[in-house]
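# Descriptive analysis of the structure
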Amino acid sequence: MSHRGPLTAVITTVLGATLGGLLIWRVYRTKRKRLPSVQKVADPVKAPCPVNKDFTAVECQYTKPPNVQEKEFKAVECQTTQQPPPVQIPSYEQLLGVKPVMVSSEEEWQQLWPLMEKELSVFPVLGLDCEWVSVKGRTSAVSLLQMATYSGLCVLVRLLAFRSGQQPFPLSLMEVLRDPHVLKVGVGCYEDGKRLTRDYGLSLTCTVDLRYLALRQRQATVNNGLSLKSLAEDLLNVSLDKSLELRCSDWEADQLTLQQMTYAARDAQVSIALFLHLLGLHSEASPESPSGSSYSELASRCQGLVDVPFRGRGDGEDRTPDGERRRRTRKTPTYESPESGDQQVPDPRKNKRKPLGVGYSARKSPLYDNCFLHAPDGQPLCTCDKKKAKWYLDKGIGVLQSEEPFVVRLLFEPSGRPDSQQDYYLTAKENLCVVCGKADSYIRKNIVPHEYRRHFPTEMKDHNSHDILLLCTSCHAASNVHDSFLKQHLAEEFSAPQGCEEGVRLLEDSDRRRVRSAARALLTAREELPEQRREELQALIKSFLDMNEEQELTEEVVQQAGSLETRIFNEAYVPHGLKVVRASAEQGLRGLMDLERRWRQHFLTTMQPRHLPPLWSVDHNHSKFLRKYGEDLPIKLN
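Residues numbered from 1 in each chain as written. Predicted model: local features only at pLDDT ≥ 70, side-chain atom pairs only at ≥ 80, totals over all residues. Heavy atoms only, no water.

Regions with low pLDDT should not have their predicted coordinates read in detail. For the protein, mean pLDDT is 76; residues scoring 70 or higher make up 74% of the total. In this model residues 33–84 is a low-confidence stretch, pLDDT under 50, and it forms 64 contacts with partners more than four residues away in sequence or in other chains. Per-residue pLDDT stays below 50 along residues 313–357; that stretch engages in 88 contacts with residues further than four places along the chain or on separate chains. (pLDDT = per-residue confidence, 0-100. Contact = heavy atoms within 4.5 Å.)

Below you can see the structure in the form of structure tokens.
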């Protein structure tokens, strides 16, 4: 017994230490797996809709998290490099409890963007909505843009702060809106994108209208319609405050109230919550979603609904926020439309104007065939389309060198050869939008608008395909909005007005119009007119035709007066584009090159293209022009 006692004690101690260590490790691993997600940063409240007074504190936590939480995020990052954890989908209460963050400057956006970018890398979906001011049925520019991530993080971007041009839109903001691999979900989000394009030139792509998803999910019970408020009540059992005071409040105020911010954030947060619910990704159904968070899987579940405008047939758009159907009368042409979200706007069925971007005719075939023409000695000359390359073969002045790539060697000496093999016209080009990279729909864009280029001298219009690029319809519409701003600057700078009397080709002659009206009155109601009025009309016609009072006004003369052309040519008319080009040409060739460079740089600055063809340059051919023609080239405008 004496020698067994110490041995037993040693064995017991070792076993106890081992079991204790395993227990401590298990607890440690459990805590590591339950590290707080983004919701811990925001400290969400439990209830779905209460508004607390600690709003400022929560906002500060978003812009600058405490050091302890920064360490925790680093620990999570180190862990995910080895084994990515499953996506933690919050409950509706947690998602709706996160307080919004206001952004009014580029600096504020840059502070918040890393956290937002991290969440989008996990779950590439944004709940999106817009607010604007409506006065007597006329809508102003969009005032507020709301974007919410899957965790409930909601960013309220005050767009009017960027409208004056004093500060540019952050590049990351522009890119996330047009990112084709981030879904933007909401009610009427496609139409919101058209508004953003019209007002700010912002391109919004990859939108999914929640009403389509709700109609597709047959098991979803929708009793009160398809508005955002109705969907939230039917599917999430969440009541949204859509009171007239909030909906029609001043969204352009210098300082938004807490109620306004909460109202705006709810729309975006509810949109993302509805998306999660309709796809069965909410926490009650699937607390951990190991898959389904990639863009490809999400897009496949929204097949056929991406970037499709909603076309409903009485699906609740005629209803008031309280669910009561409006009485349709001719005196009330406004309704809550799919395009308006929650705003009161004129009935779009009464407005025949097409939304911006609609009606663009996308190309049916690729622009670039990337066929090559070679000189007789084999030197590459340029790329061209297949139709042109085959023309040389059909005429017998070229021979086919290869099928892939399609190369035609000319049998005659060309009029010109490229200066070097590093030439823009020798590079193969992709058939995709140079801004966002979309490859399934595109249209040609004249970087230097035709109204200016058409007046350039012939020397500068030769081989100008450099300034014709491909853009998708959405980016094309956005670019046109930006172009209108530069045109206005040029109009002011060169005194070349657009749309005023000096810029109108035909003017209405008021005298001829009065004579025509008098003649038509005599032709249609001569007998019914009082004698004094009849004599006044006849005197007006005789005076215009230089007839004596004694001369008789025959029926034939009256008919000729009734068919007078009232529009006359404006002798002071000078087209806006011609006036700008003419003023630039006063400085010679360099003046026109500066105008060309200005438009190219404008495109780069406003659209931030990421897929430009190789060797595309704002100074394209300028050194060649100076070397070939010299600065003293006589400018002959067309």
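Here the narrative resumes, following the displayed structure.
All right, on to the environment of Glu 555 then. By the element assignment, Glu 555 lies in helix α21 (residues 555–562). Residue class for Glu 555 comes out partly exposed when judged on its relative accessible area of 41%. With residues near it in sequence (within four places) discarded, Glu 555 still touches Leu 523 and Arg 526. (Helix = DSSP H or I, 4+ residues; strand = E, 2+ residues; numbered from the N terminus. Buried < 20%, exposed > 50% of the residue type's maximum accessible area, 1.4 Å probe, protein only.)

So, on to the sheet that holds strand β13 (residues 398–402). The sheet built from 4 strands is open, its strands ordered β12-β11-β14-β13 with mixed pairing. Either end of the sheet is taken by a strand with one partner, and the two such strands are β12 (380–384) and β13. On average, each strand axis in the sheet is tilted by 30° relative to the strand beside it, whichever way the strands run. Here 4 bridges tie β13 to strand β14 (residues 407–410), and the two strands are oriented antiparallel to one another. Within the sheet, the bridge partner assigned to Gly 398 lies in β14 and is Leu 410. (Pairing = 2+ DSSP bridges. Axes fitted to C-alpha atoms, helices over the stretch in contact; angles between N-to-C directions.)

Our focus in this paragraph is the packing of aromatic side chains. Tallied over the full model, the rule gives 11 aromatic pairs. Residues Phe 123 and Tyr 150 carry aromatic rings whose centres are separated by 5.6 Å and whose planes lie at 40° to one another, so their mutual orientation is tilted. Residue Phe 123 is located in the loop between α6 (106–122) and β3 (125–135), and its partner Tyr 150 is located in the loop between β4 (138–148) and β5 (154–158); the two are separated by 27 residues in the primary sequence. With relative accessibility at 1%, the residue Phe 123 sits in the buried group. (Phe/Tyr/Trp six-rings, centres within 6.5 Å; stacked < 30°, edge-to-face > 60°.)

Turning our eyes to something else, we now look at the nonpolar core. Grouped together as the largest cluster of nonpolar side chains are 51 residues, with contacts concentrated most on Phe 123, Leu 213 and Phe 275. At the level of secondary structure, the elements contributing two or more residues to this core comprise α5 (92–97), β3, β4, β5, β6 (183–186), α10 (210–216), α11 (228–236) and α13 (258–278). For this core, the element with the most residues is α13, which contributes 12 residues. Beyond its immediate sequence surroundings of up to four residues, Leu 213 is in contact with Val 208, Phe 275, Leu 278, Leu 279, Arg 301, Cys 302 and Leu 305. Of all hydrophobic cores here, the second largest spans 32 residues; its members include Met 116, Leu 145, Leu 177 and Leu 202. (Core = buried A, V, L, I, M, F, W, Y, C linked by side-chain atoms within 4.5 Å.)

Let us look at helix α20 (residues 531–544). For α20, spanning 14 residues, the distance from its first C-alpha to its last is 20 Å, which sits close to the expected 20 Å at 1.5 Å a residue. Where α20 is buried, its residues contact α19 (510–525) and α21. Where α20 terminates, the next one or two residues include Asp 546, which has phi positive at roughly 55°. (Expected span 1.5 Å × (residues − 1).)

If you trace the 6 strands from one edge of the open sheet to the other, you get β2-β5-β4-β3-β6-β7, paired in mixed fashion. The sheet terminates laterally at β2 (101–103) and β7 (207–209), the two strands that pair on one side only. The sheet shows a mean angle of 30° between the axes of neighbouring strands, taken without regard to direction. Examined bridge by bridge, β6 and β7 share 3 bridges and lie parallel to one another.

Inspection of the secondary structure assignment puts His 476 in helix α18 (residues 473–493). For His 476, a relative accessible area of 10% corresponds to the buried category. A distance of 3.1 Å separates a polar side-chain atom of His 476 from the backbone oxygen of Arg 444. (Polar contact = N/O pair within 3.5 Å; in protein donor to acceptor, adjacent residues only side chain to side chain.)

For the rest of this paragraph, the subject is the side chain of Lys 487. Structurally, Lys 487 can be placed in helix α18. For Lys 487, a relative accessible area of 19% gives the class buried. At a separation of 2.7 Å, a polar atom in the side chain of Lys 487 contacts the side chain of Glu 451. Among residues more than four places away in sequence, those in contact with Lys 487 are Pro 449, Glu 451, Tyr 452, Gln 498, His 576 and Trp 599.

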